[in-house]
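Here's the letter readout for the chains.
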Protein chains: 2
Amino acid sequence: MKLTSKGRYAVMALVDLARFNNINPVSLRDISLRQGISLDYLEQIFSKLRKKEIVQSVRGTQGGYVLNKKAKEIKLTNIFDAVDEKVKTVQCKKDSKKGCNGKATKCLTHNLWDELENHINNFFDEKSLEDLVKDNFERRV
Amino acid sequence: MKLTSKGRYAVMALVDLARFNNINPVSLRDISLRQGISLDYLEQIFSKLRKKEIVQSVRGTQGGYVLNKKAKEIKLTNIFDAVDEKVKTVQCKKDSKKGCNGKATKCLTHNLWDELENHINNFFDEKSLEDLVKDNFERRV
DNA sequence: AGATACTTGACTATTTTAGTCAGGTTTATA
DNA sequence: TATAAACCTGACTAAAATAGTCAAGTATCT
Ligand code: FES
Ligand code: FES
């Protein structure tokens with residue numbers, strides 16, 4: 001049970017971006033250098049973030065990316081959703097009536113994993129980008 | 001972020017086992033048939049559970065496995081620990097002072113992942129095998 | 001003796017992850 | 001208007017992790 005680096009990087013890059021709070025576009029090159037993430041990989045990630053309207057791109061010289069919403073309104077859930085980082089605890093298809101073992105009923109542990117999934121998602125629903133930026137600011141002070 | 005089938009099967013098998021509540025040893029063959037898990041794979045899993053003293057083995061004809069503690073005392077944490085299903089959200093080494101990017105300080109998201117890890121582990125610490133058995137019994141009534 | 005069931009360790013196909021690479025297009029600005 | 005900075009896209013791949021299988025035992029009850 002572990003987090004992929006795609007999800008990790010997405011959040012890391014957005015926290016970096018959010019600190020500039022829409023004053024100027026931030027280039028991926030800068031993020032790449034500051035956070036130590038491969039530029040090519042960042043491009044993949046930001047392409048997805050843009051499609052889900054979490055960031056906006058500004059082309060040309062001095063271009064880069066800007067948040068498309070207020071940091072307070074961007075929840076971890078939104079970010080993870082954008083980069084396809086999903087929490088998957090059950091094995092079966094959720095909407096199907098069949099269990100993970102191919103049997104007609106759900107397995108002995110289905111409810112448990114479902115509860116776990118909710119538990120984790122609650123955490124993601126509550127945390128916003130703003131929280132993360134604040135948390136980091138306070139740490140430095 | 002997903003659960004491995006090793007962890008999933010371990011819990012599933014133990015719930016199956018716990019329902020017999022130490023009356024008779026339960027053979028892996030039976031669990032295999034009832035739960036649709038490969039026998040060879042179950043053997044790997046139970047070997048680990050035995051080493052961590054979660055189950056006891058009974059050899060010979062009519063042998064099998066029995067819980068080594070009360071179902072109430074076996075938490076999900078113990079089970080996951082036994083089969084090496086660990087929650088890993090941070091990238092860096094926890095005890096090191098270095099960050100995941102190789103820099104001298106922890107990255108912008110380190111605290112967040114650490115919180116997440118605690119959040120998930122709390123869930124595992126609270127749930128016992130007894131809870132799971134009860135939950136399943138109630139569902140059937 | 002024979003059957004049942006545990007025990008161990010090595011091996012492997014498949015899948016997922018974490019990127020890289022190549023070849024674009026767009027646009028600010030000098 | 002030339003140029004360079006920066007975005008954009010899709011295909012490709014090495015490495016790691018996962019989810020098992022397979023083979024060859026050993027112990028113990030009846
Ligand atoms: S996880 Fe849904 S039926 Fe087993
Ligand atoms: S996760 Fe610990 S420093 Fe990045």
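Let me sum up the structure you'll find in this document. (Residues numbered from 1 in each chain as written. Chains lettered and ligands numbered in written order. Predicted model: local features only at pLDDT ≥ 70, side-chain atom pairs only at ≥ 80, totals over all residues. Heavy atoms only, no water.)

Across the contact, 45 residues belong to chain B and 44 residues belong to chain A. Summing both sides of the interface, chain B and chain A together bury roughly 3900 Å²; the carbon and sulfur share of this comes to 61%. Connecting chain B to chain A are two salt bridges. Measuring nitrogen to oxygen at the nearest pair gives 3.2 Å for the salt bridge that ties Lys127(B) to Glu115(A). The tally of links from chain B across to chain A stands at 20 residue pairs in polar contact (both at pLDDT 80 or more). Listed by contribution, the elements that provide at least two residues to the side of chain B that touches chain A are α1 (5-18), α2 (28-35), α4 (76-82), α5 (110-126) and α6 (129-140) of chain B. Per-class residue counts for the side of chain B that touches chain A are 20 nonpolar, 11 polar and 14 charged. (Contact = heavy atoms within 4.5 Å. Buried area = accessible area lost by both parts, 1.4 Å probe. Salt bridge = Lys/Arg side-chain N within 4 Å of Asp/Glu carboxyl O. Polar contact = N/O pair within 3.5 Å; in protein donor to acceptor, adjacent residues only side chain to side chain. Helix = DSSP H or I, 4+ residues; strand = E, 2+ residues; numbered from the N terminus. Nonpolar A, V, L, I, M, F, W, Y, C, P; charged D, E, K, R; others polar.)

Turning next to α2(B). Residue and element names in this part refer to chain B. Listed as buried for α2 are Leu 28, Ile 31, Ser 32 and Gln 35. Summarising the axial view, the buried residues of α2 lie within an arc of 100°, below the 170-degree limit, and thus occupy one face. α2 presents Arg 29 and Leu 33 as exposed residues on the side facing more than 90 degrees away from its buried surface. Looking at the residues trailing α2, positive phi occurs at Gly 36, about 70°. (Buried < 20%, exposed > 50% of the residue type's maximum accessible area, 1.4 Å probe, protein only. Arc of directions from axis to C-beta.)

Bringing the relation of the copies chain B and chain A into the picture now. Turning one copy of the chain about an axis and sliding it along that axis gives the other copy, so a rotation and a shift relate them. For the pair chain B and chain A, the relating rotation is 180°, the translation along its axis is 0.0 Å, and the fit reaches an RMSD of 0.1 Å. Both copies are brought into coincidence by an operation consistent with a two-fold rotation axis. For chain B, the residue whose C-alpha comes nearest the rotation axis is Met1(B), separated from it by 2.8 Å. Mapped onto chain A, 98% of the interface residues of chain B are again interface residues, and the two copies thus contact each other with one and the same surface. (Least-squares fit on C-alpha atoms with pLDDT ≥ 70 in both.)

Attention now goes to the packing of aromatic side chains. Per the stated rule, a full pass over the model turns up 10 aromatic pairs over all chains. On the numbers, 4.8 Å between centres and 45° between planes, the contact of Phe46(A) with Tyr65(A) is tilted. In this pair, Phe46(A) sits in helix α3 (residues 39-51) while Tyr65(A) sits in strand β2 (residues 64-67), placing the two residues 19 residues apart along the sequence. One aromatic cluster is present, built from ring pairs that chain together Phe80(A), Phe123(A), Phe124(A) and Trp113(B). (Phe/Tyr/Trp six-rings, centres within 6.5 Å; stacked < 30°, edge-to-face > 60°.)

Every one of the 26 residues lining DNA strand D counts as a neighbour, but Ser57(A), Gly64(A), Tyr65(A), Ser38(B) and Gln44(B) are closest to it. When atoms of DNA strand D within 4 Å of the protein are sorted by moiety, sugar and phosphate together comprise 64%. One of the side-chain nitrogen or oxygen atoms of Glu43(A) is found 3.2 Å away from a base nitrogen of DNA strand D. A distance of 3.4 Å separates a phosphate oxygen of DNA strand D from a polar side-chain atom of Arg50(A). Of all the elements in the fold, those that place two or more residues in the surface near DNA strand D are α2 (28-35), α3, β1 (55-58) and β2 of chain A together with α1 and α3 (39-51) of chain B. (Near = heavy atom within 4 Å.)

So, on to the pairing of β1(A). All names here are of chain A. Bridge count for β1 against β2 is four bridges, and the pairing is antiparallel. Residue Gln 56 lies in a different strand from β2, and its bridge partner there is Val 66. The hairpin formed by β1 and β2 contains five residues between the paired strands, and Gly 60 there has a positive phi angle of roughly 85°. (Pairing = 2+ DSSP bridges.)

This paragraph deals with the side chain of Arg8(B). Turning to its location among the elements, Arg8(B) is positioned in helix α1. Notably, Arg8(B) is buried but unbridged: the nearest opposite-charge side chain belongs to Glu85(B), and the N-O separation is 7.5 Å. Polar side-chain contacts of Arg8(B) include one of 3.1 Å to the side chain of Gln91(A). Here Arg8(B) is in contact with Thr89(A), Val90(A), Gln91(A), Trp113(A) and Leu3(B), once residues within four sequence places are set aside. (Lys, Arg positive; Asp, Glu negative; His and termini not counted.)

Functional significance is not addressed by these values, which are geometric in nature.
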